[in-house]
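Per-entry structural report
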Amino acid sequence: MKPSHFHYLRPQSLEEALEMLQAYGEDAKVLAGGQSLIPLLNMRLATPKYIIDIGGLDELRYIREAEGQVRIGALTRHVDVEKSGRIAEACPLLGAAVQRIGHSQIRNRGTVGGSIAHGDASAELPCVLAALRGEVRIQSTTETRVAAADTFFLTYMMTDVQPTELVTEVRFPVLPAHTGWSFQEFARRHGDFAMVTVAAAITLDGSNRIAKAQVAVGGAGPVPTVLTDLEEAIVGEEPSSALFESAAAQVGDVLEPDGDLHGTPEYRVQLAQSLVRRALDDATSKVGGAFV
Amino acid sequence: MATYVGSNYRRKEDYRLLTGKSEFVADMKLHGMLEVAFVRSMHAHAEIAVDGTEALKMPGVHAVLTARDLAGVVGPLNPLEEFRLPQDLIDTIHPVLLPCPEDILAVDKVVYAGQPIAMVIAENRYLAEDAAARVLVKYTPLPVLADPFRAREPGAPPIHPAMGSNVQASLHVEVGDVERGMAEADCLLKRRFVVPRVTANPLETRGVLADYDRRSDSLTVWTSTQVTFMVRSNIAKLLDIPEEKVRVVAPDVGGGFGTKGGVYPEEIAIAYAARRLGRPVKWIEDRMEHMQSCRQSRDQVHEVEVAFNRDGRILALKDEFVVDSGAYNPLLVTCPYNTVAHMRGMFKIPNFAIAGACVITNKTPSIAYRGAGRPEAVFVMDRLIQIISRELGLDPVEVMEVNLIRPEEMPYDQGMYYRDGTKLVYDSGDYPATLHHALELAEYDRYRALQRERRSEGEYIGIGISSYIEGTGIGPFEGAVIRVDATGQIVAYIGSTPHGQSHETTLSQICADEFGVSPEQVTVRAGDTSLLPYGVGTFASRGAVTAGSAVQVASQKLREKMMRIASHTLEIPVEDLEMRDGKVFARQMPGRSMSFRDIARAARPGPNPARPADLEPGVEATHYFVPPSVTYSGGVHVAVVRLDKDTGQIDIIRYVVVHDCGRVLNPMVVDGQIQGGVAQGLGEAMYEQIVHDEQGQLLTGTYMDYLQPTAMEVPDVIQGHSTFLSTRNAMGVKGVGEGGAISPPAAIANAVSDALSMIGIEVNEVPVTPVKVLQYCREADARMRLAAAEGAR
Amino acid sequence: MTQRVAIELTVNGRPVRAEVEPRLLLADFLRDHLELTGTHLGCEHGVCGACTVLLDGDPVRSCLALAVQANGTHVETVESLTQEDGSLHPIQQAFADHHALQCGFCTPGFLMTVRGIFDDLPGMTEAQIREAVSGNLCRCTGYANIVRAVQQLQRDLQLQAVRDPATRSGSRVDDRGALRDTARSEVK
């Protein structure tokens, strides 16, 4: 289990990185934290001709707030998000989700941009990004564009990022006031890739009714699934366990999970129903802040 | 005098392992060393044509060897002498045992995916892997037999044509009169039980380094094995060289659990390559190779009929089982015979008939894994106890009690033979007391009450009990040579091959007590065929019993010799001398003494020796301990679980083990063995399974698919000890290595079945996954709702 | 022609310069080039944790890092724990005291993971400790004694913080020295 030969490129600036992608992108893999790529190299399942190591681009390591969003540089490590006081305040859902990524050794290397660009539908960050309707900034030598989450994830491990492009920033909306959140995940063993993940944010209005609901399920289809029907159904309602239970029971219709060794499609649907219910209950219980 | 035996003496192995000064095979580097990558079969069954010419041209490549290079030079592996049944047992049960030799590199045909086809020898592993990818193998696929039930059908094409059948081995044992027992009983039931394939998965993979010395025309082979002596005899035999020219060393070994308890083709191939190339050659198995090619275990299906009376008393048990042995079965009927011998466990079942068959399929070959046939037996027996109790409306404890062997019936004769050819007679134990001790620690009555209370609230709690006995300390022998060196240090050379069992510590404790010194004054050396002429190995819970007894008796012999030398020099009768604190002194005149160093000097060969004329020179004694038969450990596990109705997860609320391993040499070590064994057993019960598809392709080839439990999954086991000394060795020790791993599958399956007993859910197969549990819970909820609705009407 | 990349890093406090093939894994660089064989390879796909080392103070899997990625970093391996006189680091001592290892193959990975959370230990719950070591697989011990060893270490650190509040502050690099000083003062 040793990687095969590749040519190693280490750009010193974003500009240089984009130029390298322009020149070699079709035959290259971008190396950031390496926590998804290096296992594939070791197994020789990935044998790229070039590796573009963007690890030196410190300009892509930051957590900022702008225009109601938490903007995270693509090279920001999971551990930095996990430990960020700013994220705990502005987007605690993200902070909670990041804690569920693999194990600490993985979070110490893995990057936010890498996880998003990898596009694994069962991974934590894509699920949160989809639920909150976040955005991804994508750059090439010719263009900088921003993709919305719902157009970014295409299918299994496929995203809107072209071979000559690089994900440079991931944007998560700041949670509004009176919003509760929950991140639920189940794996057979702690730290494994989740069988199902659920990210939810619930905003209540002054009369204690649901003003806004954002819920997505990961691991139950080729891309994270935003539960728009459920969101619409519960907005305007008073939160209750009964409401959430009946709403969660409906989600099976929109999920299309595959089966594998660890769970049948039926199981994943049932699990998603349970976790959606738990997430809605948990999110509602976390709504804080007095109404004026 | 037991000063150190029985104490929590800190491990002597730890310092090097904690500081990175340990040396595993992968850590070794010799001048001019080359590294190997094996080319392994992509297909489970195919004819092959191999072409290594392109690979040979790759940079850094020194050789590409295939079966052609080995033809006529290196013979195939045959089942190990040590695991053949003794002749008297063969004459009694007349098993079928067909020869099934395993080629070192596949000849013309492959029989499982992962089988070694060619070896690429290069400057380093990176280059070897590059070249291995260039070895061309043309496969002509053959029909794959991945299902043992299809493979054993009379018309099925034999995977090894010379065998003429895929049933490689079968055996049948009968005690009493099963048909009469069946006829006389109040009730009968039939069930099918499945214990799937798992793998031991030591954290250190296999690894071999061989060095050929031209001057002496000899080989030194370092290998991560549990059985150095067996590796040596096979290398010598298959390469056709004298054993004297082969030294096999197991340096630090990172776990084995049975899977390193055999001889592998790669060990032979690496030894051959080093000799052929005249350079050191190393192969370190990677994890993907390990998952695919390292031998696997369990994989039994049982069809059982049991006859019992309304009080729960079992009158007869009939079992037919099939073992999926994979493509080769080097341990022959070792595991299935263990299943047979341990099936009735702690219970008196007068009429018993059991037949087992080892079937060859196109899967990874098989070997023993911690428990070696016993977890399968216990799974069958303890599931039956739980099922019978439910059928009769009794508590499982009641059914256990009416069937348990009573302490006054010890030694108890089960009316058949053990695998070593001796009569299967339990030596000691009080099974009812062990059971009740476990129930007490588990707070059985409290959890039964809680279970009832919570069930009415829709929460499912279950309690599972499992008991086991284990024949431990199997022969044929183990050896120890004890010597005092010129500085007075005691050295114990052992024939076993420890790999985590703490032998350096526990055997030092035994030795230290015999000589009245601190264990620090004892060095234990093991895992090297050059240390003493004969040895067997470390497996089957045999180390403490066999190596421990060998050390004890050899120490006693040497002590006696040293006393005689001291008596001779000091001119004081032996009866008036005492040995303590590293010297021998006159009890009445402590000033008259000889240190061990003095005695060592007196014992040196030479003219005018200062020792009795009839004593051989040297301070050394040897003992080969030959156990009269195995000695029977036993224990009871109790699991209390809660089922998560949202996810299907099994939460273990409490896990209790009470066990008897006779005299405890080091409680800390024994507790560690139990806790570690339970972790593996829980893995098997809830997480782990090796899955091949219908084409014999492995679907669980990585650590992301084969789920070993982590610190988040394994509970702290609450342990109790009951000590019933063995009557089969002087110390009264019984083995403990496997006990922890034997019962968890049965305990967990019983607990889940118990949680849902009101709707008759039976968990007769492991692992009990969330998918299954969620389905059971949904069934239970629906039935409970229906019952409530009916009750309301 | 095989590409070679020059790297400079600090390993266990010593500067290291080398030219390596870019595909060389950090674990293999440590083991084969620097002969620091205390770092073990158990799975080479980032699950077992046996190869855990500290990279700039944080535990990472050295099988999931290329040696070239370690350019300019500080790497610490299990060999860094033992003090110059051969005495054990408190983490190592706790593992020995609690029989937290059997075959010992996974042990260096556990030690380095615990080293990475050493500063945070006093405030951690048992569940957090278990979570923190759950990225390391052990096939022998069943983890109970590993958790006990870490909890003992935690109690020692808590006691020490009460006795000597000064040791609570200070950087990661300093606290080992501080601990050693405390141990010495106890001997007096």
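Given the structure is predicted, the values throughout are model-derived calculations rather than measurements. (Residues numbered from 1 in each chain as written. Chains lettered and ligands numbered in written order. Predicted model: local features only at pLDDT ≥ 70, side-chain atom pairs only at ≥ 80, totals over all residues. Heavy atoms only, no water.)

1. With respect to the overall build of chain C
Threshold: In this text, helices come from DSSP runs of H or I with a minimum length of four residues, and strands from runs of E with a minimum of two, each type numbered from the N-terminal end. Burial classification: accessible surface area is computed with a 1.4 Å probe over protein chains only, and a residue below 20% of its type maximum counts as buried, one above 50% as exposed, and the rest as partly exposed. By the convention used here, residues are in contact when the closest approach between their heavy atoms is within 4.5 Å. Per-residue accessibility takes into account occlusion by the displayed protein chains alone, with areas from the Shrake-Rupley method and a 1.4 Å probe.
If you tally the helices and strands in chain C, you get six helices and five strands. Element order for chain C, N to C, with α for helix and β for strand: β-β-α-β-β-β-α-α-α-α-α. In chain C, which comprises 188 residues, the proportion classed as buried is 65%. A fraction of 57% describes how many contacts in chain C between residues 6 or more apart in sequence connect residues 24 or more apart. About 7100 Å² of surface is accessible on chain C, with carbon and sulfur atoms providing 48% of the total.

2. Regarding the sheet that holds strand 20 (residues 478-484) of chain B
All names here are of chain B. Under the convention used in this document: By this definition, two strands are paired if DSSP reports at least two bridges between them. Under this scheme, a helix contributes an axis fitted over its contacting stretch, all axes are lines through C-alpha atoms, and angles between N-to-C directions fall in the 0 to 180 degree range.
The strand order 22-21-20-26 describes an open sheet built from four strands, whose pairing is mixed. The open sheet is flanked by strand 22 (522-525) and strand 26 (620-625), the only strands paired with a single partner. Averaged over all adjacent pairs, the angle separating strand axes in this sheet is 15°, with direction ignored. By the bridge criterion, five bridges tie strand 20 to strand 21 (residues 490-494) in an arrangement that is antiparallel. Bridge pairing in strand 21 places Arg483 opposite Val491. The strands that helix 16 (residues 503-515) touches are strand 20, strand 21 and strand 22; relative to strand 22, the one it contacts most, it runs at about 135°. Relative to the sheet, helix 17 (residues 543-570) contacts strand 20, strand 21 and strand 26, its axis offset from that of strand 26 by approximately 145°.

3. Considering unusual backbone geometry
Residues and elements named next belong to chain B. The omega torsion of the bond from Met410 to Pro411 falls at -10°, within 30 degrees of zero and hence cis. Mapped onto the elements, Pro411 comes out in the loop between helix 13 (396-403) and strand 17 (412-417). The amide bond that connects Gly475 to the next residue, Pro476, takes the cis arrangement and shows omega of 5°. Looking at the secondary structure, you find Pro476 in the loop between strand 19 (460-472) and strand 20.

4. Looking at the interface of chain C and chain B
For clarity, the cut-off: Reported buried area values correspond to the accessible surface (1.4 Å probe) lost by two parts on association, with both partners' losses combined. Any Lys or Arg side-chain nitrogen found within 4 Å of a carboxyl oxygen on Asp or Glu counts as a salt bridge. Identification of polar contacts relies on pairs of N or O atoms within 3.5 Å, with a donor-acceptor requirement for protein atoms, meaning one able to donate a hydrogen and the other able to accept it, and with residues adjacent in sequence counted only if both atoms are side-chain atoms. Under the scheme applied here, ten amino acids are nonpolar (Ala, Val, Leu, Ile, Met, Phe, Trp, Tyr, Cys and Pro), four are charged (Asp, Glu, Lys and Arg), and all others, including Gly, are polar.
Between chain C and chain B, the residue contacts involve 49 residues of the former and 53 residues of the latter. When the buried surface of chain C facing chain B is broken down by residue, C:Arg23, C:His99 and C:Arg139 rank first, second and third, together holding 20% of it. Taken together, the connections running from chain C to chain B amount to seven salt bridges. With a closest N to O distance of 3.4 Å, B:Lys29 and C:Glu35 form a salt bridge. Viewed at the interface, chain B and chain C are joined by 27 residue pairs in polar contact (both at pLDDT 80 or more). The set of elements that each furnish at least two residues to the side of chain C that touches chain B consists of helix 1 (26-33), helix 2 (90-97), helix 3 (107-117), helix 4 (126-133) and helix 5 (144-163) of chain C. Residue classes in the side of chain C that touches chain B are distributed as 22 nonpolar, 15 polar and twelve charged.

5. With respect to the nonpolar core
Within soluble globular proteins, side chains that are nonpolar tend to cluster in buried spots. Basically, it comes down to this: Definition used in this section: a nonpolar core is a set of buried Ala, Val, Leu, Ile, Met, Phe, Trp, Tyr and Cys residues joined via side-chain atoms within 4.5 Å. An automatic or database domain assignment provides the domain bounds reported here.
With 160 residues, the main nonpolar core has B:Ile235, B:Leu643, B:Ile748 and B:Leu756 as its most contacted residues. Each of domain 1 (297-474 + 628-787) and domain 2 (478-625) of chain B gives at least three residues to this core. In this view, B:Ile748 contacts B:Ala639, B:Val641, B:Ile650, B:Ile652, B:Leu682, B:Ala685, B:Met686 and B:Val768; residues no more than four positions away in its chain are not counted. Grouped together as the second largest cluster of nonpolar side chains are 53 residues, C:Phe95, C:Ala132, C:Cys138 and C:Ala149 included.

6. Considerations on empty space enclosed by the protein
Residue and element names in this part refer to chain B. Selection criterion: Points on a 1 Å grid over protein atoms alone make up a cavity when a 1.4 Å probe fits among them but cannot get out, and a pocket when they form an open set with protein on both sides within 12 Å along at least five of seven lines; lining residues each have an atom within 4 Å of a point. Grid points are joined across faces, edges and corners, and a volume is the space filled by probe spheres set on the points.
All told, the structure shown has eleven cavities of 30 Å³ or more when counted by the stated rule. What lines the largest cavity is a set of 41 residues, among which Gln501, Ser541, Arg542, Gln673 and Gly737 lie closest to the centre. Listed by contribution, the elements that provide at least two residues to the lining of the largest cavity are helix 11 (334-342), helix 16, helix 17 and helix 19 (667-687). When grouped by side-chain class, the residues that make up the lining of the largest cavity number 16 nonpolar, 18 polar and seven charged. Split by domain, the residues of the lining of the largest cavity number at least three in each of domain 1 (297-474 + 628-787) and domain 2 (478-625).

7. A word on the domain arrangement of chain C
Residues and elements named next belong to chain C. When cut into domains, chain C gives domain 1 (5-78) and domain 2 (90-187). Across the contact, 18 residues belong to domain 1 and 15 residues belong to domain 2. Across the domain 1/domain 2 interface, buried area totals approximately 1200 Å², and carbon plus sulfur atoms make up 61% of it. The largest contributions to the domain 1 side of the interface with domain 2 come from His40, Thr52 and Val78, which together make up 34% of the buried area. At the junction of domain 1 and domain 2, the tally comes to zero salt bridges. Inspection of the region where domain 1 meets domain 2 yields four residue pairs in polar contact (both at pLDDT 80 or more). Breaking the side of domain 1 that touches domain 2 down by element, the ones donating at least two residues are strand 3 (52-55) and strand 4 (58-61). Its residues assigned to classes, the side of domain 1 that touches domain 2 shows eight nonpolar, seven polar and three charged.

8. Thoughts on helix 12 (residues 374-392) of chain B
Residues and elements named next belong to chain B. Note the following rule: For a helix, the expected span equals 1.5 Å multiplied by the residue count minus one.
In this model, helix 12 (19 residues) spans 27 Å end to end at C-alpha, consistent with the 27 Å of a helix rising 1.5 Å per residue. Across the 19 residues that make up helix 12, a large majority, 17, are buried. Positive backbone phi, at 70°, marks Gly393, one or two positions downstream of helix 12.

9. Brief notes about the environment of C:Gly123
Mapped onto the secondary structure, C:Gly123 falls in the loop between helix 3 and helix 4. A C-alpha to C-alpha distance of 10.0 Å links C:Gly123 and C:Leu157, two positions 34 residues apart in sequence.

10. Quick look at the pattern of salt bridges
Taken as a whole, this structure holds 78 salt bridges over all chains when the rule is applied. A salt bridge links A:Arg145 to A:Glu165; the shortest N-O distance between them is 2.8 Å. Separated by 20 residues along the polypeptide, A:Arg145 in strand 7 (residues 144-148) and A:Glu165 in the loop between strand 9 (158-159) and strand 10 (166-173) bring together distant segments of the chain. Accessibility assignment for this pair places A:Arg145 and A:Glu165 in one class, buried. Across the pair C:Arg148 and B:Asp716 runs a salt bridge whose closest N-O atoms are separated by 3.4 Å. Of this pair, C:Arg148 sits in helix 5 while B:Asp716 sits in the loop between helix 19 and strand 29 (718-721), on two different chains. Residue B:Asp716 is classed as partly exposed on the basis of its relative accessible area, which comes to 32%.

11. Some remarks on the interface of chain A and chain C
Contacts between the two partners involve 30 residues from chain A and, on the opposite side, 33 residues from chain C. Among the residues of chain A in contact with chain C, A:Tyr8, A:Gln105 and A:Arg109 are the three that bury the most area, contributing 24% of the side total. At the junction of chain A with chain C, the criterion picks out four salt bridges. Residues C:Glu131 and A:Arg107 are paired through a salt bridge, measuring 3.9 Å at the closest nitrogen-oxygen approach. At the boundary of chain A with chain C, the tally comes to 17 residue pairs in polar contact (both at pLDDT 80 or more). Contributions of two or more residues to the side of chain A that touches chain C are made by strand 1 (7-9), helix 2 (37-42) and helix 6 (104-107) of chain A. If one sorts the elements of the side of chain A that touches chain C by residue count, helix 6 of chain A sits on top with four residues.

12. Section: the side chain of A:Arg171
Residues and elements named next belong to chain A. On the secondary structure map, Arg171 appears in strand 10. The buried category is assigned to Arg171, whose relative accessible area is 10%. Looking at Arg171, its side chain comes within polar contact range of the side chain of Glu169, at 2.5 Å.

13. Focus: the sheet that holds strand 29 of chain B
Residue and element names in this part refer to chain B. Pairing in this open sheet of four strands is mixed, and the strands run 19-27-28-29 from one edge to the other. Unpaired on one side and paired on the other, strand 19 and strand 29 mark the two borders of the sheet. Each adjacent strand pair in this sheet contributes to an overall mean axis angle of 15°, direction not counted. In terms of strand pairing, strand 19 meets strand 27 (residues 631-643) through 13 bridges, oriented antiparallel. Its bridge partner being in strand 27, Tyr460 is matched across the sheet by Leu643. Helix 14 (residues 431-441) rests against strand 19, strand 27, strand 28 (650-660) and strand 29 of the sheet, and its axis sits at about 145° to strand 28.

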